[in-house]
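# Notes for the structure review
In case you want the letters, here they are:
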Amino acid sequence: MTHTTTVHPGVPRRGSSLAGKAYWAMVRRVALTAAAIDAAYIVLFLVMGSVPLAAINIASIALYLAAYALIQRRRNTLGLALIWAEVVIHSALGSLLIGWESGFHYYLLLFIPAIVIANTRGYALPLVLGLLLYYLGLYALCDYLGPLTPLPERSVKIINAIHVCLIFGMSAALAQFYRRTILIAETRLLRQATLDPLTGLNNRSHFEALAANTLARSQRTGEPVAVMLCDIDHFKQVNDRYGHAVGDQALLHVARVLSANLRECDVLARWGGEEFLALMPAQAPDAAMAAAERIRAVLQSQPLDVEGTPTPLTLSFGVAQVHGSADLQAATARADQALYASKRTGRNRVSLG
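Residues numbered from 1 in each chain as written. Predicted model: local features only at pLDDT ≥ 70, side-chain atom pairs only at ≥ 80, totals over all residues. Heavy atoms only, no water.

### Examining the overall build of the protein chain
- Within the protein chain, the regular secondary structure consists of twelve helices and seven strands.
- For a compact globule of 353 residues, the expected C-alpha radius of gyration is about 20 Å, and the protein chain comes in at 32 Å, more than 25% above that figure.
- In the protein chain, which comprises 353 residues, the proportion classed as buried is 47%.
- Long-range pairs, those at least 24 residues apart, make up 70% of the contacts in the protein chain with a sequence separation of at least 6.
- Put simply, the protein chain shows about 18000 Å² of open surface, and 61% of that area lies on carbon and sulfur atoms. (Helix = DSSP H or I, 4+ residues; strand = E, 2+ residues; numbered from the N terminus. Rg over C-alpha atoms; globule rule 2.2 N^0.38 Å. Buried < 20%, exposed > 50% of the residue type's maximum accessible area, 1.4 Å probe, protein only. Contact = heavy atoms within 4.5 Å. Areas by Shrake-Rupley, 256 points an atom, 1.4 Å probe, with all protein chains shown as cover.)

Right, dumping it as structure tokens:
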């Protein structure tokens, strides 16, 4: 019966980004692992002389394999119900046959964190209370009836010790699953809050936060700081001629060229539309213009591949010096004016603001 309670009743909704395929892959692993452990239990119970428990484990293996097959066929609710039914029934039968001291009831306790974590619609409290009543009822029944097919005390202690070890392992696995789920969710939320979803570059708000730290350091050291603004030339024509999917490819292509040709200390962001902005610490305006010129030449030499056809892309640049942390907005405006000067004078060039 083991390992089943790492599965919780609060099934992730179809399409959930939080659990999804990883959750059901875990459920399938649980079913197979539990079936394998129950196979080992058959041998153990036969050696100990408990034929009824060995027979119960044979039935449990059949249930787990049926649950695995159902989940493989995406009949998830029925498969999960089989697993839960196996745990509830097996816990009761094991406790009644060889006594409460055998520890079969431990598996029911693992339902508690699973129920509380998984149920977000107000069902957790009644489910936990229902589990409590079932647990107390099973305890009272075991106390009243005593073991129906008792085993020697030594055998019961061995079974109890095995159950304790399995519960520790299952608790750790359950905690690890939820920890991983939380970390994945945190990572996704952080990416959504700080990165542009298409290019993976910093978004505008995160750029401003990083720029504030960079400018504060530069003020302490007295090093010059430059800002570089660039815009894809004739980007509307790319969209109109090839469609927005190719337009997205163009943005990605430019983002990769910029990332590959800027320094690690430079702060790069997608500024909006087809515009990109870079803050360049320890960089005087002439050095920033040289870097922009190098990027311009690299992009010109690396056309975008559109269905096997090389499609040239070019950038127009505006560069300006940043005079202190309070000057970033004004410096960006100067770079923007320089960018439009590059546009007016033929595009595919670098201008200083």
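### Quick look at the pairing of strand S1 (residues 225-232)
- In terms of burial, S1 is largely enclosed, as eight of its eight residues are buried.
- Pairing of S1 with strand S3 (residues 275-281), which is carried by seven bridges, proceeds in the antiparallel orientation. From the neighbouring strand, Leu 229 faces S3, where its bridge partner is Leu 277.
- Where S1 meets strand S6 (residues 315-322), eight bridges bridge the pair, whose relative direction is antiparallel. (Pairing = 2+ DSSP bridges.)

### Side note on the side chain of Thr 311
- Take Thr 311: it is sitting in strand S5 (residues 309-311).
- By relative accessible area, Thr 311 is classed as buried at 7%.

### Considerations on the packing of aromatic side chains
- Counting across every chain of the model gives seven aromatic pairs.
- Ring geometry for Trp 84 against Phe 111: centres 3.8 Å apart, planes inclined by 20 degrees, an arrangement best described as stacked. Note that Trp 84 is positioned in helix H3 (residues 76-98) and Phe 111 in helix H5 (residues 111-118), a separation of 27 residues in sequence. Take Trp 84 and Phe 111: they sit in the same class, and that class is buried.
- An aromatic cluster of at least three residues, connected via ring pairs, comprises Tyr 41, Phe 45 and Phe 104.
- For Arg 204, the ring lying beneath its charged end belongs to Trp 271, and the centroid distance is 3.9 Å. (Phe/Tyr/Trp six-rings, centres within 6.5 Å; stacked < 30°, edge-to-face > 60°. Lys NZ or Arg CZ within 6 Å of the ring centre and 35° of its normal.)

### Quick look at the sheet that holds S3
- Taken in spatial order, the five strands line up as S2-S3-S1-S6-S7 in an open sheet, and their pairing is mixed. Only two strands of the sheet have a single neighbouring strand rather than two, namely strand S2 (267-272) and strand S7 (350-352). Across this sheet, the average inter-strand angle for adjacent strands is 20 degrees, counted without regard to direction.
- Here S2 pairs with S3 via five bridges, running antiparallel. (Axes fitted to C-alpha atoms, helices over the stretch in contact; angles between N-to-C directions.)

Without other data, these values stay purely geometric and don't point to any function.
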